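Spelled out from the first residue to the last, the chains are:
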Amino acid sequence: MKITGANLITLGFKEGKQIGLALATIINETGENTKAELAQLKKVLDYPHNFLSNPTYKTLAKELLNPTPIETTIPLNENTLPYQVYGGEGIEAGALDQINVAMRLPVAKAGALMPDAHYGYGLPIGGVLATENAVIPYGVGVDIGCRMCMTIYDMPSSMIDQRKSDLKKMLINNTKFGKATFKKPKDHEILEHSLFNEIPLVKNLKDKAWRQIGSSGGGNHFVEFGITEMIDPDNEWNIPVGTYLAVLSHSGSRGLGATISQHYTKIAMEKCPLPKEAKHLAWLDLDSEAGAEYWAAMNLAGDYASACH
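Since the structure is predicted, the reported quantities are computational estimates derived from the model, not experimental observations.

Draft legend 1. Geometry of helix 5 (residues 93–102). When helix 5 is considered as a whole, its buried residues turn out to be Ala95, Gln98, Ile99, Val101 and Ala102. When helix 5 is viewed along its axis, its buried side chains cluster within an angular range of 155 degrees and face the same direction. Packing partners of the buried residues in helix 5 comprise strand 2 (108–118) and strand 3 (125–131).

So, in structure tokens, the structure goes:
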């Protein structure tokens, strides 16, 4: 006789961990199934307290007395909401798969893919998702506020060649890459923000934020001098037509933003269990304490990212 999960369910065991543990006791004890073993499992099921010291059945007995909670997931909508795609011919299939899952979230309202869209953490990088009264930490991103910033100087473009050594030294002295931090950090008004004293997580990150302010990080982040040309006399900055010295930087919120993202994503996943393919899209209700706290911390990280430039 071969005992199966169906036999155990008929006996009274519940689907899930109980079935697996019961079958394991049979295999571990004799390697074969008998009616006697089935009767023994019935005794364990009916009187688990009597088997708490039994080396063969104690794990099963503990599970019967204190069942492991079965995690219920929030179902996705059956239909995918329509969304706009820009430059679809250059977008990889993985990004399309991710936006299709995102557009089935119960909180999703609208979405789009930009021409540079590619596979990301739950939501594609270059993907846009509008939700109703909810925020998705991984949708915002791990590097909160990551951006590029260009500063144009009222200096001739010829300086890029004439003062190349000085410009290089200026960059080396004023930013750091990778995990490096400043030995003598600079102060910035962003570090005086009240949230550094109001949110426990953020408060614990203030020292790291101070040591990293103005740093550039790693990966594809960079800072470089170059030449920019203004060709439209009616530009919004009222800069005269011509060529100028400029510096372009690519950076984000460093360890502050990354830790905020990871911390609140974990909370979102606990409060909002989703199917495996959508688990990184777990959201926080903006009306909840965690959601409001994340929203405040997220905006602080965005302002910090701007300050880094």
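Draft legend 2. Representation of the pattern of salt bridges within the structure. A complete count under the given rule lists four salt bridges for this structure. Between Lys109 and Glu132 there is a salt bridge, and its shortest N-O distance comes to 3.2 Å. Pair noted here: Lys109 is in strand 2 and Glu132 is in the loop between strand 3 and strand 4 (134–135), with a separation of 23 residues, a long-range link. Taking relative accessible area as the criterion, Glu132 reaches 48% and is therefore assigned partly exposed. Arg163 is the partner of Asp166 in a salt bridge, and the nearest nitrogen-oxygen pair spans 2.7 Å. For Asp166, a relative accessible area of 35% gives the class partly exposed.

Draft legend 3. The arrangement of the nonpolar core in detail. In this structure, Leu105, Ile260, Tyr264, Leu274 and Leu281 are the most contacted members of the largest nonpolar core, which totals 49 residues. Mapped onto this core, the elements with two or more residues apiece are helix 5, strand 2, strand 4, helix 9 (195–198), helix 10 (200–212), helix 11 (254–271) and helix 12 (289–308). Ignoring anything within four residues of it in the chain, the contact list for Ile260 reads Ile144, Leu201, Val202, Leu205, Tyr294, Ala297 and Ala301. Counting residues in hydrophobic clusters, the runner-up holds 16 residues, among them Ile3, Phe13, Ile26 and Leu38.

Draft legend 4. Broad picture of the packing of helix 10 against helix 11. Put simply, helix 10 and helix 11 touch, their axes get as near as 8 Å, and they point 155 degrees apart. The orientation of helix 10 relative to helix 11 falls into the category roughly antiparallel. Facing Leu201, Val202, Leu205, Lys208 and Gln212 of helix 10, the residues of helix 11 in contact are Arg254, Gly255, Leu256, Thr259, Ile260, His263 and Tyr264. Its residues assigned to classes, the contact of helix 10 with helix 11 shows six nonpolar, four polar and two charged.

Procedures and definitions
Residues numbered from 1 in each chain as written. Predicted model: local features only at pLDDT ≥ 70, side-chain atom pairs only at ≥ 80, totals over all residues. Heavy atoms only, no water. Buried < 20%, exposed > 50% of the residue type's maximum accessible area, 1.4 Å probe, protein only. Helix = DSSP H or I, 4+ residues; strand = E, 2+ residues; numbered from the N terminus. Arc of directions from axis to C-beta. Contact = heavy atoms within 4.5 Å. Salt bridge = Lys/Arg side-chain N within 4 Å of Asp/Glu carboxyl O. Core = buried A, V, L, I, M, F, W, Y, C linked by side-chain atoms within 4.5 Å. Axes fitted to C-alpha atoms, helices over the stretch in contact; angles between N-to-C directions. Parallel < 35°, antiparallel > 145°, perpendicular 65-115°, else oblique. Nonpolar A, V, L, I, M, F, W, Y, C, P; charged D, E, K, R; others polar.

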